[in-house]
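Single-letter residue listing:
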Amino acid sequence: MNRFLQTRAGTWTGFAAAALVLFGLAPLLLSGFRLGLLAQFLCYAVVAVGIGLAWGRGGMLTLGQGVFFGMGAYLMAMHLKTADAEFRGGPGAVPDFMELAGIRELPAYWAPFSSPAFTIAAILVLPTAFAVLLGLAVFKRRVKGAYFAILSQALAGAFAILLIGQQSLGGFNGLSRFRYFFGFTLADPVNQRMLYFIAAGVLLSVVAVALQLRRSRYGELLVAVRDAEERVRFLGYDAANVKVVAYAVAALFASVAGAVFVPIVGIISPASIGIVPSIMFILGVAIGGRASLVGPVVGALAVAWAQTALSEQFPSAWTYAQGLLFVLVIALLPGGIASIASVARRFPTKRTQVEAAA
Amino acid sequence: MDLLVGQLLTGLSTGSILLLAALGLSLTFGQMGVVNMAHGEFIMAGCYTAYVVQQVVGDAGVSLLIALPIGFLVGGAMGLVLEALLLRRLYHRPLDTLLVTFGVGLVLQQAARDVFGAPAVNVSVPEALRGGVDLLGTTVPRTRLFIMALAVLAVTAVALVLRFTPAGRRIRAVTGNRDLAETAGISSRRVDAATFFIGSGLAGVAGVALTLIGSTSPTTGQSYLVDAFLVVVAGGLGRIKGAVVAAVALGALQAVFETYSTASLAKVGVFVVIVVFLQLRPQGLFTLRTRSLA
Amino acid sequence: GEETVATESCVDTSGDTVKVGSLNSLSGTMAISETTVRDAIALAVAEVNAAGGVQGKQIEIVAEDGASEPTVFAEKAEKLIREDCVAAVFGGWTSASRKAMLPVFEDNDSLLYYPVQYEGLEASENIFYTGATTNQQIIPALDYLAETGVESLYLVGSDYVFPRTANAIINAYAEAHGIEVLGEDYVTLGSTEFSTIVNQVKSADADAVFNTLNGDSNVAFFREYANVGLTAADMPVMSVSIAEEEVGGIGVENIEGQLAAWNYYQTVESPANTAFVEAFKAEYGAERVTSDPMEAAYNSVHLWAATVEKAGSFAVADVQAAADGVSFDSPEGTVVIDGDNHHVTKTARIGEIAADGLLYTVWESDGPIEPDPFLEGYDWAADLAVTE
Amino acid sequence: MLRLRDLTCGYGRSAVVHGVSLDVGADEVVAVVGHNGAGKTTLLRAVVGLIPAMSGTVEFDGQDVTRRPTNKRVKAGMAYVPQGQQCFAHLTAGENLRLVADGRKRGKALVDEQLDLFPALRGLLGRQAGLLSGGQRQQLAIARALVTEPRLLILDEPTEGIQPNVVAEIEATVTALASRGGLSVLLVEQHLGFALQAADRYCVLRSGRTASTGATGTGAATRVREAMAI
Amino acid sequence: MNIALSCKDIVVEFDGFRAVDGVDLELARGEVHFLIGPNGAGKTTLVDAVTGLAKYTGSVVKDGEELRGRKVHHIARKGIGRTFQTATVFEALTVAQNLDIAAGAGRSPWTLLRRRRHLPPHVRATMERIGLGDRADTPAGALAHGQKQWLEIGMLLVGDADVLLLDEPIAGMGHDERETTGRLLHDIAADRAVAVVEHDMDFMRAFASRVTVLHAGAVLASGSVDEVSGDPRVQEVYLGTAKEPADAATA
Ligand SMILES: Nc1ncnc2c1ncn2[C@@H]1O[C@H](COP(=O)(O)OP(=O)(O)OP(=O)(O)O)[C@@H](O)[C@H]1O
Ligand SMILES: Nc1ncnc2c1ncn2[C@@H]1O[C@H](COP(=O)(O)OP(=O)(O)OP(=O)(O)O)[C@@H](O)[C@H]1O
Ligand SMILES: NC(N)=O
Ligand SMILES: [Mg+2]
Ligand SMILES: [Mg+2]
């Protein structure tokens, strides 16, 4: 089975099956509300694919993906708010929340976001560029392991706090109440379904990109850096650059996920991008299986689904179940859900041992 | 001038709080490499210990004195259980300890909510620690002086033990190389458990002390965690000396930023300073170098 | 002229029960406040049920956890409306959670009863605001301070929307009334670091402090405040987010004599309140206290029930149409829904914190104050007020 | 002193050493030789208890220690010098020694004895062990083992990375200690010369199985080489 | 002589302690140059300095270019490769992947981002040369100790290093493997400069073209095997006199 999926035909089959489920079965079986939820979860899964690359393959435990997710989300939200304002008040009109905050003039940095093209470019470029800068600053100095994890966590905390202080970005309340998405009414169920398809499409593309990266020479190099960074330097590579690429790609994925998330959920606020949400992203990946390609996707969906299902069932005690779930899966199943198959098969070959040791 | 002195004092007092919260971490994270996200909840357990003891004892002064050692035991006991049940399996997977203990933290928080109720509870400050002392033009609350003294005491004790006693050597040996320590006749299990006990116990002590200035609620403790980790990282893993300097520096930075901008921006400022600082000293203030390539 | 694509409501009123949602943070940082609101909602529902229900139907609560996260509030609100088909939802606390839920209620054309005092400047057709808006809490508090001779203020608040908006109003008020604002500081939500701020407050030597801090920060603030030697006598603190529940956590000794502005205290003397407090304690324990947001939540359920009875229908449009003038003889006094802005009339009260941990009214408005969420009735607020 | 019976051990679920039986008598030096990957290190790790035995037994001094944790075996009188110049990198060289001397009556004297044996270490006591050169660390590791006054010394390629004249010293010391009485030695060594010279008996390991055992002395080298070659 | 690398007056200091104290050293192509000396003499530190791992004063010149102050990966790209006292290969990757990565430091991003369709011919050739031709798809973690060391040398070869600095390459190897390694070193030294740090004197005697003895951070002696082993100072500080031919019996 695994062998087969490695082949070209296997890859296509895998994608076809995923597409069938996402584009065919899910919309058929789920209510509008559940489909919307699934769309939201798919966004988390997109972030997870990036983390799987940076952490699972590259060994960088990025506890701050909320930052990039948030950047993409806010950039998109800024466009939606300016578009709404323009629709109601003409060019240069001030979004509703600013009026409430006593801001009478559209801040200069908001103006370009009335352009959809600019917005999309910004979503693709800004977070990635920020990740590159930060990555260079950190990886060139060989900050890694738990250091890097703690630092990225502090980044998420600082970023959330910074946003809370920005009244022109909605402060603590964040940005919400979007009416149109590139001209389509968001309240319309048809358009909501469209958004789901967009999210599913983004997920499949992101998985395809990640797959190509993993199978490329770069993918091998990344694993080499993860396992013996110093050694890679002595082969003439700048290990920092290798890491930066994976980190930036993860940031890009997170940003795109955030951008898609905003019209689906209808709000982005600092509460969705701080320390705890960032850990939740990681947990999904860990639970699914950080090192495999689909593990992070499965994990992200499973964690989000479990969170929703448990909290619906046991509104006041679900955190116990959730906490225990994290603890048990991670403690007892280091390879995550993705490893269940191989654990079950128990083939005691050298190969698995080496992988487990890695 | 006065302002500067005031800042410094504030920095010291903020720093000593950070230090108290971080001291246990510098053992469990710095020495053992366990990224214990439940450390904040151990601090919280210390807070509630102070509360329970006060309910039983009544007198705030006496109860504080009793609560400090009991808080140590409570925090320590929770640490022991965590170590024995989970962490023992995870020493070779340090980054996973982060995720597991995060889950544990969630559970502990909810448990506190169910046992003590969601709203904050009050731990009274002893009469003797009420009010402030005028020092160099600013008023420093006595509670903060007490915490500074406690921090100095705890840090000195931990540093001395680690540096000069056989137990300290054993801790450093086991955390450096478990197998090798076993072959040196040291029971790494017991040392691991003991180290984690002390580190978690210190969290409990911090919790008791923090009831003097902050609130006692299920989410108390959480708020100290990230800063405490930063202190350990900026100080250099496993370096008590580093943690002291980093805690005071972070406290002072925070105080300075707070005066000249908003408190929110202060957090961001501190983060930026740390990233810049790590450019100069990527392994923290004080580091133990080795020649290994790991 | 906004097009809404209303989705068909799925509320099922054919049986002998009707569902409502109770949506509060039961986990996360806000659980500290919001769990009490859940209890109050449950109490009110039990009362309505005991009295025969609404339109002869028993009310069934579907409880959900907002988890202190706006997106979760939005998600759960949508779930309650679309999956559980509730007739109305009670809950929310932070304005962030309300702002997150607002589009959900508008797009699905359903009803939210929001029970917490807030910064005003909002009036959705789909939300009933049963807590105070600014002219029912902050402005009376300022009036009270001005009356007692306060000429300078220091503003301390948590860094989020409610304190910032409140302080904008306070600044405008101060300017118009010749009060000097000597300083304005914000701390991050949950911060316990007040040495700098308290020393600044002390050296500013204002006549009073206006406190919009939220939650845990209050504990640290008041302890530090007392420690540097500031007392209610020389520099009183007027708080707008400290209710009976919080006093316990702060410790009476640190806060005794300080002021708060609300519409309701446990000590309010009225038959309705006596019944409310008794019922609450009977249900949840004698040591529990009642507070303003709890009372507003309690009122919400009764107001909704009364409105449905008046409309003779659970349909949102009917409830909206019938709402104007619906009143409830609540613990704080009679509250009446204003059909234009969906807020309710409320009596403003300044309370002083006493040694028993309760708040006692030291001043109260002459009767209920009409809600004015956009401050249209205040000239000095012209610059602030924004009509939707 | 040491009796291994049918010892099988390895990593995870796969066995590396299969049913090895071996005796080390009192005051005897036994050398285990074999190709890289033959399982020598694995065998020693099982003897000291760093990996569990999958089956078979380890007896030390007449007692079954198969299930005892490593530190108990060490306290009972085993000392182990692992392969690879291992030391406590974050402790100073002096602390590395004091660590094992702690709690021993003759602790100080024992440390001094080792410093006489490895004079190069004297000047390095204050230095972080992780900063020492490879050979310095190996000397430190052997010294650390000897401080525990073992009755069974288990050495895994002790001369790896050590300068020739010190190798000679070590060899002399091992021989002297063993002949003085009270010390048995289990030695893994790639240098057949050293191994056969220092040992009384040898054991050839091939793919985790005993291929040949015997006494050292004339002709041993040839027999060993034959046993090792396939 | 075809000098590949020349070091002048190298000094490495750690907190006041001079681990390397004014060493001059020239490595010539075509030679297997042994660096010997007591434990702590500074051999590894010297290699560290040359490869950019330790800060030093003095000068290291390769092909007319000064290398001091360059970053580790720059120096590696200049054709200076090293191994470590304990073999460090990428355990999770196969032999072929290890070699392919080592061969690719100069690859364009475009090449990197594509899948490897087949192994470059020179990589395959090297794999045969180091005796791992039939282990291409074995994870390096599953290789035997000696094979890992060969793989490591192979990685330097495919990376086009023409100065190889090998720190105790035969540590832990058995007799036969030492022989094989020695021959391999001679073979690859034909057009490269190879420096070997070793304590195994039999190995040195069998394979050294030239020997430099370090002692206390400085060069104590230098020359042919015979010159050096005859030097009484070298015997005193390093070789010892009594047991010197101990291993000879097995050689
Ligand atoms: N931690 C481990 N996990 C899995 N397999 C291992 C591990 N350590 C060693 N092995 C395997 O066990 C086998 C025996 O290794 P061992 O280290 O015991 O050999 P050795 O005889 O000591 O060799 P050397 O002379 O190279 O030290 C080898 O095939 C090796 O790959
Ligand atoms: N980073 C460092 N800080 C302090 N001292 C160091 C450092 N690195 C090496 N030393 C010291 O420098 C000296 C030279 O060490 P080096 O590793 O170069 O020796 P070597 O010749 O390779 O020895 P060996 O043959 O044992 O491997 C040693 O005394 C060592 O303790
Ligand atoms: N509405 C409030 N208090 O946030
Ligand atoms: Mg071995
Ligand atoms: Mg060396």
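Not measured: the values here are computed from a predicted model.

Draft legend 1. A look at the packing of aromatic side chains. For the structure on display, the rule yields 44 aromatic pairs over all chains. A connected cluster of aromatic rings, assembled from ring pairs, spans Tyr264, Phe276, Phe280, Tyr284, Tyr298 and Phe328 of chain C. Of note, Arg98 of chain C hangs over the ring of Tyr114 of chain C, and the distance from its end group to the ring centre comes to 4.7 Å. The ring of Phe17 of chain E carries Arg127 of chain D above its face, with NZ or CZ at 3.9 Å from the centroid.

Draft legend 2. Structural view of the site of ligand 2. The immediate surroundings of ligand 2 are formed by 22 residues, with Arg127, Ser133 and Gly135 of chain D together with Thr44 and Thr45 of chain E found nearest. With respect to ligand 2, the chains having nearby residues are chains B, D and E. Note that an oxygen atom of ligand 2 is positioned 2.7 Å from one of the side-chain N or O atoms of Lys43 of chain E. In the model, an oxygen atom of ligand 2 is placed 2.7 Å from a nitrogen or oxygen of the His199 of chain E side chain. Here ligand 2 has 640 Å² of accessible area as a free molecule, and 97% of this is covered by the chains. Where the shell around ligand 2 is concerned, the elements lending two or more residues are α5 (134-147) of chain D together with β2 (17-28) and α1 (43-50) of chain E. Residues of the shell around ligand 2, tallied by class, amount to 7 nonpolar, 11 polar and 4 charged.

Draft legend 3. Region of the structure containing the sheet that holds strand β7 (residues 180-187) of chain C. All names here are of chain C. Here we have 7 strands laid out as an open sheet, ordered β7-β6-β8-β9-β10-β13-β14, and mixed in their pairing. The outermost strands of the open sheet, each flanked by one partner alone, are β7 and β14 (359-364). Geometrically, the sheet is characterised by an average inter-axis angle of 25° between neighbouring strands, direction not taken into account. Strand direction decides the pairing type here: strand β13 (residues 349-353) and β14, joined by 5 bridges, are antiparallel. What sits directly across from Ile353, in β14, is Leu359.

Draft legend 4. Broad picture of the pairing of strand β8 (residues 184-188) of chain D. Residues and elements named next belong to chain D. Burial runs high along β8: 5 of the 5 residues are buried. Where strand β3 (residues 29-34) and β8 come together, 4 bridges link them in parallel fashion. Residue pairing across strands places Ala31 opposite Leu187, the latter belonging to β8. Here strand β7 (residues 152-156) runs beside β8; their pairing, made up of 5 bridges, is parallel. Note that in β8 the partner of Ile154 across the bridge is Leu186. Taken together, β7, helix α6 (residues 164-180) and β8 form a β-α-β motif whose crossover is right-handed.

Draft legend 5. Up close: the site of ligand 1. Taken together, 17 residues surround ligand 1, and among them Gly37, Lys40, Thr41, Thr42 and Gln190 of chain D come closest. More than a single chain frames ligand 1: its nearby residues are located in chains A, D and E. Separating an oxygen atom of ligand 1 from a backbone N or O atom of Ala38 of chain D is a distance of 3.2 Å. In the environment of ligand 1, an oxygen atom lies 2.4 Å from a nitrogen or oxygen atom belonging to the side chain of Thr42 of chain D. Within the residue set of the shell around ligand 1, elements represented by two or more residues are α16 (350-357) of chain A together with α1 (40-48) of chain D. Looking at which element gives the most residues to the shell around ligand 1, the answer is α1 of chain D, with 3 residues. In the shell around ligand 1, the residues fall into 3 nonpolar, 11 polar and 3 charged.

Draft legend 6. Representation of helix α2 (residues 39-57) of chain B. The end-to-end C-alpha separation of α2 of chain B is 27 Å, in line with the 27 Å expected for 19 residues at 1.5 Å each. One or two residues past the end of α2 of chain B sits Gly58 of chain B, with phi positive at roughly 95°.

Draft legend 7. Quick look at a nonpolar patch on the surface. Residues and elements named next belong to chain B. Taken together, the side chains of Val52, Val56, Val57, Val62, Ile66 and Ile70 make up a nonpolar region of the molecular surface, amounting to roughly 440 Å² of accessible area. Elements with a minimum of two residues in the nonpolar patch: α2 and α3 (60-85). Among the residues examined, Val57 registers a relative accessible area of 34% and is labelled partly exposed.

Draft legend 8. Highlighting the nonpolar core. Grouped together as the largest cluster of nonpolar side chains are 414 residues, with contacts concentrated most on Phe69 and Ile268 of chain A, Phe221 and Trp304 of chain C together with Leu151 of chain E. There are two domains that each give this core at least three residues, and those are domain 1 (1-79 + 163-182 + 190-251) and domain 2 (84-161) of chain E. Membership of the second largest hydrophobic core comes to 32 residues, among which are Leu142, Met238, Leu259 and Leu384 of chain C.

Draft legend 9. Spotlight on the sheet that holds strand β7 (residues 163-167) of chain E. Residue and element names in this part refer to chain E. With respect to topology, 6 strands assemble into an open sheet ordered β6-β7-β8-β3-β9-β10, the strand pairing being mixed. Strands at the two margins of the open sheet, each flanked by one partner only, are β6 (80-82) and β10 (218-223). The average undirected angle you get between the axes of adjacent strands in this sheet is 20°. Here β7 runs beside strand β8 (residues 193-197); their pairing, made up of 5 bridges, is parallel. For Asp167, the partnering residue across the bridge sits in β8 and is Val197.

Draft legend 10. Fine view of the coordination of the magnesium ion (ligand 4). Residue and element names in this part refer to chain D. Distances from the magnesium ion (ligand 4) to its protein donors, namely Thr41 (OG1) and Gln83 (OE1), fall within the range 1.7 to 2.2 Å. Of this pair, Thr41 sits in helix α1 while Gln83 sits in the loop between β6 (78-81) and α3 (93-101), and the two are 42 residues apart along the sequence. By relative accessible area, which is 21% here, Gln83 ends up partly exposed.

Draft legend 11. Examining the interface of chain B and chain A more closely. Across the contact, 38 residues belong to chain B and 40 residues belong to chain A. For the pair chain B and chain A, the summed buried surface comes to about 3,600 Å²; carbon and sulfur atoms form 77% of the total. It is Leu95, Leu99 and Phe271 of chain B that lose the most area in chain B upon contact with chain A, and together they represent 17% of the buried surface on that side. Here chain B is connected to chain A by 1 salt bridge. For Arg290 of chain A, the salt bridge goes to Asp96 of chain B, with nearest N and O atoms at 2.8 Å. Across the contact surface, chain B and chain A share 7 residue pairs in polar contact (both at pLDDT 80 or more). Those elements that provide at least two residues to the side of chain B that touches chain A are α4 (94-116), α9 (222-235) and α11 (263-280) of chain B. A total of 13 residues in the side of chain B that touches chain A trace back to one element, the largest contributor, which is α4 of chain B.

Draft legend 12. How the structure looks around the pairing of strand β1 (residues 132-135) of chain B. Residue and element names in this part refer to chain B. Direction of pairing for β1 relative to strand β2 (residues 138-141): antiparallel, over a ladder of 4 bridges. Counted as the bridge partner of Gly132 is Pro141 from β2. Turn length for the β1-β2 hairpin, with the two strands adjacent in sequence and antiparallel, is 2 residues, and the turn residue Leu136 shows positive phi of about 50°.

Draft legend 13. Main features of the side chain of Ser13 of chain B. Within the secondary structure, Ser13 of chain B sits in helix α1 (residues 2-31). Contacts of Ser13 of chain B, omitting those with residues within four sequence positions, involve Arg144 and Met148 of chain B together with Ser195 of chain C.

Conventions adopted
- By convention here, each chain's residues receive numbers from 1 onward along its written sequence.
- A letter from A marks each chain and a number from 1 marks each ligand, given out in the order of writing.
- For this predicted model, a pLDDT threshold of at least 70 governs which residues receive local features, and a threshold of 80 or more governs which side-chain atom pairs are given and counted, while totals over whole chains, interfaces and linings are taken from all residues.
- Values reported for side chains reflect all heavy atoms of the structure, with hydrogen atoms and water molecules removed beforehand.
- Whether two aromatic rings pair depends on their centres lying within 6.5 Å, for rings of Phe, Tyr and Trp, where Trp uses its six-membered ring; planes under 30 degrees apart make the pair stacked, over 60 edge-to-face, and the rest tilted.
- Placement of a charge over a ring requires the Lys NZ or Arg CZ to be within 6 Å of the ring centre, with the centre-to-atom vector within 35 degrees of the ring normal.
- Any residue with at least one heavy atom within 4 Å of a molecule or strand is counted as near it.
- The definition of a polar contact used here is a pair of N or O atoms within 3.5 Å, where within protein one atom must be able to donate a hydrogen and the other to accept one, and adjacent residues in sequence count solely through side-chain atom pairs.
- For the accessible areas, the method is Shrake-Rupley and the probe is 1.4 Å, while residue cover comes only from the protein chains on display.
- Secondary structure elements follow DSSP: runs of H or I no shorter than four residues count as helices, runs of E no shorter than two count as strands, and numbering proceeds from the N terminus.
- Under the scheme applied here, ten amino acids are nonpolar (Ala, Val, Leu, Ile, Met, Phe, Trp, Tyr, Cys and Pro), four are charged (Asp, Glu, Lys and Arg), and all others, including Gly, are polar.
- Being paired, for any two strands, means DSSP has found at least two bridges between them.
- Every angle, taken between N-to-C directions, lies between 0 and 180 degrees, and every axis is a line fitted to C-alpha atoms, over only the stretch in contact when it is a helix.
- Accessible area is worked out with a 1.4 Å probe on protein chains only. A residue is then buried under 20% of its type maximum, exposed over 50%, and partly exposed in between.
- Looking down the strands as they point away from the viewer, one classifies a crossover as right-handed if the path from the first strand across the helix to the second runs clockwise.
- To estimate how far a helix should extend, the number of its residues minus one is multiplied by 1.5 Å.
- Exposure above 30% relative accessible area and the absence of a salt bridge qualify a residue for a patch, where like charges join within 9 Å and nonpolar side chains (Val, Leu, Ile, Met, Phe, Trp, Tyr) within 5 Å.
- Definition used for salt bridges: Asp or Glu carboxyl oxygen within 4 Å of a side-chain nitrogen of Lys or Arg.
- By convention a nonpolar core is built from buried Ala, Val, Leu, Ile, Met, Phe, Trp, Tyr and Cys residues, the set being connected through side-chain atoms within 4.5 Å.
- The split into domains, and so the bounds of each, comes from an automatic or database assignment of domains.
- Any N, O or S atom lying within 2.8 Å of the metal counts as a donor, and for Na, K and Ca the limit rises to 3.2 Å; water is left out, so some sites can look incomplete.
- Residue contacts are counted whenever heavy atoms from the two residues lie within 4.5 Å of one another.
- Once two parts are joined, some of their accessible surface, as seen by a 1.4 Å probe, is lost; buried area is that loss totalled over both.

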